[in-house]
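Residues per chain are reported as follows:
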Amino acid sequence: MLTHPTFSIRNLLAMTLLALFLFAPFLAYISHQTVLEAIQSRGELRVATRQSPTTYFLEEGEPGGFEYELAKLYADHLGVKLKIISYNRLQEIYDSLRLNNTHLAAAGLTITPERQTRFEFGPSYMESKTQLIYRSGNKRPKGFDDLGEGRLEVMANSSHAELLATLTPEGVDWHVADGDLEVLDLISRVDEGELDYTLVDATEFTINRAFFPRVRPAFTITEPQPIAWMLKQQRDTSLQHSLSNFFADEEIQHAIEGLKERYFSRSQRLNLVDNLTFRRHMETRLPPLRDWFQQAAEETGISWQLLAAIGYQESHWNPRAVSPTGVRGVMMLTQTTARSLGLTKRTDPEQSIRGGARYFAGIHKRLPERLQEPDRTYFALAAYNVGRGHLEDARILTERAGKNPDSWEDVKAHLPLLTQAKWYKTVKHGFARGHEPVVYVRNIRRYRHQLMLESRLEAVQQQQSASGAAASRLPEALPNTL
Ligand code: GLU
């Protein structure tokens, strides 16, 4: 009997499939890598986060933020590259872990009972209380019973939403905010009087409080709760073990303390009174100047928020400002500088802003190649303020002290020495009011930060009104959103 040729092919196929089926577990076993091995062989740690001043942000195109720096430490510890993936919504962070798009989430996430049923957490590196905040001028609520008719919204899928779902006494009306709104957006809405209350992590609120001068903490809801990195729930515990070792390392603990100091300490907060004025001026003085800042940004490649922050530090956006030493206008240019830039009238805001921007861009460009962003911008600001020569002197003192002359953190610690004869006599350009550029750079960074926040908020609002999102801000049922 002739065998039909397709029959044997089919047979062969069936046998191959059967063999594959039988041996698959074995093959998987021999090629099996732990999560940690996979990260190492791929040479990349993928970290999910969200943008906020305490987590991750870009400053002049350079990444920064407590979580970013901590994640970078861990990637360096593993000897792999760090790939940050920033999401707008917490839900997207959770999905990315579940779908194995990222290895861990570093986003200021609180360890909560509900989350623990669905995810693993690494060792906790920080703690925070949760507070309810309100707008000053309104009556301060002392507990949930005092909230009355006021509207309380919290970030979707946050630990705050979980808290309210479990803790709130009956009768308190609360809502999950539109999915794209970050905690900072909510704080800002309370500040603006568009929302009555929200919940915040005290750590996050404290460092941003100065930017929202009308917001006050009303009462504390929880004892400090642990914050940690979140991981997918899986049998493989290699990443967990690696994290335990990393966080237990003494040097790492020391580095984390340094990061906390840098990102969360008291000195990082802007003076409240100053800030109130700044906010008012943003509404009254900035609008007529904003187009010039934007045009100057296009001409120079420096962000308009940075240029506007310089303008604020220089003149409080007053085109007619005059200093006792005769510098004038929004950007407070000297007569000589103005002439060299070809300006005819320093008090003309357009000329002052576009000229000042060109002048700053020139300083920025002429700095030594080796100065990298974001520090390069800080050095340029310091040079704009105190002059390049004095800045160079401070860099020399920094190097002599065995510190890094290319790091703004290090140089700013040495600039004030230029007020003391014992130091300035040893360098070329002599005495300088070295404290000034330090304050100057710090203030400008803060103003810029605030302007960027505002731009972000505007973008969210525009998006919302474009998509008619008002409707989507209606309360969603929590179990579906957590
Ligand atoms: N800790 C909050 C959470 O886990 C994040 C929001 C915040 O920073 O306030 O959802």
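Residues numbered from 1 in each chain as written. Predicted model: local features only at pLDDT ≥ 70, side-chain atom pairs only at ≥ 80, totals over all residues. Heavy atoms only, no water.

**What to know about the overall build of the protein**
(1) Moving on: Per the secondary structure count, the protein includes 21 helices and 14 strands.
(2) Moving on: Looking at the protein as a whole, 50% of its 482 residues are labelled buried. (Helix = DSSP H or I, 4+ residues; strand = E, 2+ residues; numbered from the N terminus. Buried < 20%, exposed > 50% of the residue type's maximum accessible area, 1.4 Å probe, protein only.)

**Details of the site of the ligand**
(1) Moving on: The local shell around the ligand holds 13 residues, among which T110, R115, S159, D201 and E204 are the closest.
(2) Moving on: Within the side chain of T110, one N or O atom sits 2.8 Å away from a nitrogen atom of the ligand.
(3) Moving on: D201 places a side-chain nitrogen or oxygen 2.6 Å from a nitrogen atom of the ligand.
(4) Moving on: Taken together, the residues that form the shell around the ligand break down as four nonpolar, five polar and four charged. (Near = heavy atom within 4 Å. Polar contact = N/O pair within 3.5 Å; in protein donor to acceptor, adjacent residues only side chain to side chain. Nonpolar A, V, L, I, M, F, W, Y, C, P; charged D, E, K, R; others polar.)

**Some thoughts on the packing of helix α9 (residues 238-248) against helix α10 (residues 250-264)**
When two helices pack together, their arrangement is given by the angle between their axes and by how far apart the axes lie.
(1) Moving on: Two elements in contact, α9 and α10, have axes whose closest approach is 5 Å; the angle formed by their N-to-C orientations is 70 degrees. The orientation of α9 with respect to α10, classified from their angle, is roughly perpendicular. Contacts between α9 and α10 involve F246, F247 and A248 from the first element and E250, I252, Q253 and I256 from the second.
(2) Moving on: Of the residues contributing to the contact of α9 with α10, the split by class is five nonpolar, one polar and one charged. (Axes fitted to C-alpha atoms, helices over the stretch in contact; angles between N-to-C directions. Parallel < 35°, antiparallel > 145°, perpendicular 65-115°, else oblique. Contact = heavy atoms within 4.5 Å.)

**Things to note about the nonpolar core**
(1) Moving on: Judged by nonpolar contacts, the single largest core of 53 residues is most densely connected at F293, I310, W317 and L451.
(2) Moving on: The set of elements that each furnish at least two residues to this core consists of α11 (272-284), α12 (287-300), α13 (304-315), α15 (349-366), α16 (375-386), α17 (388-400), α18 (408-414) and α20 (435-466).
(3) Moving on: Looking at this core element by element, the count peaks at eight residues for α16.
(4) Moving on: Formed by 33 residues, the second largest nonpolar core is a distinct cluster that contains L36, Y74, W229 and Y263. (Core = buried A, V, L, I, M, F, W, Y, C linked by side-chain atoms within 4.5 Å.)

**Here we look at the environment of A383**
(1) Moving on: Inspection of the secondary structure puts A383 in helix α16.
(2) Moving on: In contact with A383, other than residues within four places in its own chain, are I363, R388 and L391.

**Looking at the packing of aromatic side chains**
(1) Moving on: Enumeration over the complete set of coordinates arrives at 20 aromatic pairs.
(2) Moving on: For the cation-ring pair, R445 lies above Y378, with the distance from its terminal atom to the ring centre recorded as 3.9 Å. (Phe/Tyr/Trp six-rings, centres within 6.5 Å; stacked < 30°, edge-to-face > 60°. Lys NZ or Arg CZ within 6 Å of the ring centre and 35° of its normal.)

**Focus on helix α3 (residues 66-78)**
Three or four residues apart is the spacing at which side chains of an α-helix point the same way, because the helix has 3.6 residues per turn.
(1) Moving on: Spanning 13 residues, α3 covers 19 Å between terminal C-alpha atoms, matching the ideal 18 Å at 1.5 Å per step.
(2) Moving on: Along α3, the residues classified as buried are F66, E67, Y68, L70, A71, Y74, A75 and L78.
(3) Moving on: G79 occupies a position one or two residues after α3 and carries a positive phi of about 75 degrees. (Expected span 1.5 Å × (residues − 1).)

**Side note on the sheet that holds strand β12 (residues 215-220)**
(1) Moving on: Across the sheet, which stays open at both edges, the three strands sit in the order β11-β8-β12 with antiparallel pairing between neighbours. With one partner strand each, in any of the chains shown, β11 (198-201) and β12 form the two edges of the open sheet. Along the sheet, successive strands turn relative to each other by an average axial angle of 45 degrees, direction set aside.
(2) Moving on: As paired elements, strand β8 (residues 130-135) and β11 share four bridges and run antiparallel to each other. Opposite T130, over in β11, you have D201 as the bridge partner.
(3) Moving on: Sheet contacts for helix α6 (residues 159-167): β8 and β11; angle to β11, the most-contacted strand, approximately 125 degrees. (Pairing = 2+ DSSP bridges.)

**Here's the deal with the pattern of salt bridges**
(1) Moving on: Counted by the stated rule, this structure contains 23 salt bridges.
(2) Moving on: For R189, the salt bridge is made with E153, and the minimal N-O distance between the two is 3.4 Å. Of this pair, R189 sits in helix α7 (residues 183-191) while E153 sits in strand β9 (residues 152-154), and the two are 36 residues apart along the sequence.
(3) Moving on: Judged by its relative accessible area of 9%, R189 falls in the buried class.
(4) Moving on: Looking at E153, the relative accessible area reads 1%, which means it is buried.
(5) Moving on: In the salt-bridge network here, residues are joined through shared partners; they are D191, E192, R214, R279 and E454. (Salt bridge = Lys/Arg side-chain N within 4 Å of Asp/Glu carboxyl O.)

**A few points about the pairing of β8**
Along any regular strand, the residues point their side chains to alternate faces of the sheet.
(1) Moving on: Most of β8 is tucked away, with five of its six residues classed as buried.
(2) Moving on: In terms of strand pairing, β8 meets β12 through five bridges, oriented antiparallel. Across the sheet, residue I133 finds its bridge partner in β12, namely P217.

**Points about the environment of N101**
(1) Moving on: Turning to its location among the elements, N101 is positioned in the loop between α4 (90-98) and β5 (104-105).
(2) Moving on: In this structure the C-alpha to C-alpha distance between N101 and I85, which are 16 residues apart in sequence, comes to 9.2 Å.
(3) Moving on: Other than its neighbours up to four places away in sequence, N101 contacts R46, I85, Y87 and S96.

**Concerning the environment of D196**
(1) Moving on: Within the secondary structure, D196 is located in the loop between α7 and β11.
(2) Moving on: The exposure class of D196 is partly exposed, given its relative accessible area of 28%.
(3) Moving on: Setting aside residues up to four positions removed in sequence, D196 forms contacts with I133, Y134, R135, G150, R151 and V190.
(4) Moving on: Side-chain polar atoms of D196 contact the backbone nitrogen of R151, separated by 2.7 Å.

**Here's the deal with the packing of α13 against α16**
(1) Moving on: Relative orientation of the contacting elements α13 and α16 amounts to 30 degrees, with a least axis distance of 13 Å. Here α13 is positioned roughly parallel relative to α16, judged by the angle of their axes. Where α13 crosses over α16, the handedness of that crossing is right-handed. Contacts between α13 and α16 involve L306, I310 and E314 from the former and T377, L381 and Y384 from the latter. (Left-handed = near helix turned anticlockwise from the far one by under 90°.)

**Focus on the side chain of T222**
(1) Moving on: Locating T222 in the fold gives a position in the loop between β12 and β13 (225-227).
(2) Moving on: Ignoring anything within four residues of it in the chain, the contact list for T222 reads K129, T130 and L163.

**Regarding the side chain of T198**
(1) Moving on: As for its placement among the helices and strands, T198 is situated in strand β11.
(2) Moving on: Side-chain polar atoms of T198 contact the backbone oxygen of E153, separated by 2.7 Å.
(3) Moving on: When neighbours within four sequence positions are excluded, T198 is seen to be in contact with Q131, L132, I133, L152, E153, V154, L186, I187 and V190.

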